[in-house]
Amino acid sequence: MAEAIRLEIVTPVAAAFSDDVSEVVLPGVLGEMDVMPGHVPLMTLLNAGSVRCVTAAGDRLFAISGGFAEIGPDRVTVMVEHCEGTDDVDMEHARIELSELEKRMDVGDFASMEELHEENEKLRRARARIEIVEKATARR
Amino acid sequence: MANVKEIRNRVKTVKNTQKITRAMKLVAAAKLRRAQDAVVASRPYTAKMREVVGELCLNADEEVSPFFRNPEQPKSALVIVLTSDRGLCGGYNSALLRKLKTYVREGAESYDELGTAVIGRKGREFVRRENITVSVDLSEYPALADVEVASAIATTAMDSFAAGEIDRVMILFNRFQSALSQVPTFERLLPLDPEAFTNEDITPRDYKYEPNEQELLGALIPQYVTSQVYAALLESVASEQGARMTAMDNATNNANDLIDSLTLQMNRARQAIITTELMEITAGSEALKG
């Protein structure tokens, strides 16, 4: 059985992350999933949310937009349009954005289901951004 | 013969123009390098996307997603044209737009409706001049390689396609080969063609799918189309900078030639004046000797 997973997070702009990890937690559409080495081949859609992986140097966290992941016994490829690491997040800006999005969600005045889905995805991403920074600082 | 002062002024203006063309060349070279880096950075995503969608496409048809709808007799088509906002880039826009004109003329016979959606000021000016139908207005988007722009273009095209308003979506852009050569290229964006993937070596693996194969494919198609548009935008921007760099390099060299020939003319004119003056002096002194 494979000892490590090669995790690659790829966006259209760049390869955001590429390293060996021993565990990955992904925001799958059917719920959060924990991937260990030796996983069965699986293709899954991802919600916007946070990705956590365990590297030799400790945990790494990312906030991603929706996308999908291709999972094999020894590799995980995450394909998303946007990915931010803990250093890319501007906390002040992120908090303001989140509260605005929550307000809009409370009002709940959407023209269509698509719009609601879009807003929901934005909200998830905004939450993930704050979550990863908070987790990272708590650990330090 | 023109007078020396006039020629000297012309040399000065040519030199000034040359300074500008040289600066533009350097700027274009720097931007080209950045654009090429962006192309390289996007390749893993585009390639993986193609691989996965290709794999899922193998036994997909219209039932699975409206984007496979492929009528025998397509009635209406949309051509997305990628041009630049700015000029001074040699034949970059004109070669592409010539191709568009030919396509529109020929397409008028096979399609009932043929509309365009144009990115870039140069292209918009052209379609207005040539009276080519613009069916989607993209004038709010700048001619930049940006994921947001790509996503907006892809969404507009997919919406009209899914609504049944158009049967074909093509994209026309300059494919980057080198700074010297850019090739205007047509690519079919929609409907998706499962056959287009088959010549690549896709080994169907035994995957499990979450939520299920159809839904996964349905959700991936918009991402896939966006990535295709983004790739075209990247190529197009790299081509623009390449074309501009070459054009400005040529302009700088031409200015050099012009300066050389003007300097020669100027020296001749000056020599002529000196000779005439000398002759007058000698003639004068000969006359005095009497």
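Here the structure is a predicted model, which means the values were calculated and not measured.

Definitions and cut-offs
- Residues numbered from 1 in each chain as written.
- Chains lettered and ligands numbered in written order.
- Predicted model: local features only at pLDDT ≥ 70, side-chain atom pairs only at ≥ 80, totals over all residues.
- Helix = DSSP H or I, 4+ residues; strand = E, 2+ residues; numbered from the N terminus.
- Buried ≥ 20, exposed ≤ 12 C-beta atoms within 10 Å, placed from the backbone.
- Contact = placed C-beta atoms within 7 Å.
- Pairing = 2+ DSSP bridges.
- Axes fitted to C-alpha atoms, helices over the stretch in contact; angles between N-to-C directions.
- Domains from an automatic or database assignment.
- Parallel < 35°, antiparallel > 145°, perpendicular 65-115°, else oblique.
- Left-handed = near helix turned anticlockwise from the far one by under 90°.
- Nonpolar A, V, L, I, M, F, W, Y, C, P; charged D, E, K, R; others polar.

(A) Structural context of the overall build of chain B. Each helix and strand in chain B was counted, giving 6 helices and 6 strands. Along the first, second and third principal axes, the C-alpha atoms of chain B reach 115 × 40 × 30 Å. Counting the 290 residues in chain B, one finds 32% classified as buried. For chain B, restricting intrachain contacts to residue pairs at least 6 apart in sequence, the fraction spanning at least 24 positions comes to 79%.

(B) Representation of the sheet that holds strand β1 (residues 76-82) of chain B. All names here are of chain B. A sheet is described by the order of its strands in space; here 5 strands give the open sequence β3-β2-β1-β4-β5, paired in mixed fashion. The outermost strands of the open sheet, each flanked by one partner alone, are β3 (134-136) and β5 (182-190). Each strand of the sheet is rotated relative to its neighbour by a mean of 35°, with strand direction disregarded. As judged from the 2 bridges shared by strand β2 (residues 113-119) and β3, these two strands associate in the parallel manner. Bridging from a neighbouring strand, Ala117 pairs with Val136 of β3. Sitting on the sheet, helix α2 (residues 92-110) touches β1, β2, β4 (168-176) and β5, and the angle it makes with β4 is about 155°.

(C) Seen up close, the interface of chain B and chain A. Of the residues lining the interface, 21 residues belong to chain B; the matching set on chain A comes to 21 residues. For the side of chain B that touches chain A, the element with the most residues is helix α1 (residues 4-57) of chain B, which contributes 7 residues. Here 3 bridges tie strand β4 (residues 42-46) of chain A to strand β6 (residues 208-210) of chain B, and the two strands are oriented parallel to one another. Paired with Leu42 of chain A across the strands is Lys208 of chain B, a residue of β6 of chain B.

(D) Summary view of unusual backbone geometry. Residue and element names in this part refer to chain B. Cis rather than trans, the peptide bond between Leu190 and Pro191 has omega equal to -5°. Of note, Pro191 is situated in the loop between β5 and α5 (194-198). A cis amide bond links Glu210 to the next residue, Pro211, at an omega of -5°. Residue placement: Pro211 occurs in the loop between β6 and α6 (213-289).

(E) Representation of the domain arrangement of chain A within the structure. Residues and elements named next belong to chain A. As assigned here, chain A comprises domain 1 (5-86) and domain 2 (89-139). For domain 1 versus domain 2, the separation of C-alpha centres amounts to 20 Å. Where the side of domain 1 that touches domain 2 is concerned, the elements lending two or more residues are β5 (49-55) and β6 (58-64). In terms of residue count, β6 provides more of the side of domain 1 that touches domain 2 than any other element does, 4 residues in total.

(F) Spatial organisation of the packing of α1 of chain B against α6 of chain B. All names here are of chain B. Their axes nearest at 6 Å, the elements α1 and α6 cross at an angle of 160°. In terms of orientation, α1 lies roughly antiparallel with respect to α6. The crossing of α1 and α6 is left-handed. In the contact of α1 with α6, the residues fall into 34 nonpolar, 13 polar and 11 charged.

(G) Representation of the environment of Val13 of chain A in the model. Residue position: Val13 of chain A is located in the loop between β1 (5-10) and β2 (15-28). For the pair formed by Val13 of chain A and Glu84 of chain A, sequence separation is 71 residues and the distance between their alpha carbons is 12 Å. What Val13 of chain A contacts, discounting residues up to four positions off in sequence, is Ala41, Ser42 and Val147 of chain B.

(H) Structural detail: the domain arrangement of chain B. Residues and elements named next belong to chain B. Splitting chain B by domain gives domain 1 (4-22 + 248-289) and domain 2 (30-247). Computed from C-alpha coordinates alone, the two centres of domain 1 and domain 2 are separated by 53 Å. Every contact between the two is made by 4 residues of domain 1 and, on the other side, 4 residues of domain 2. Its residues assigned to classes, the side of domain 1 that touches domain 2 comprises 2 nonpolar, 1 polar and 1 charged.

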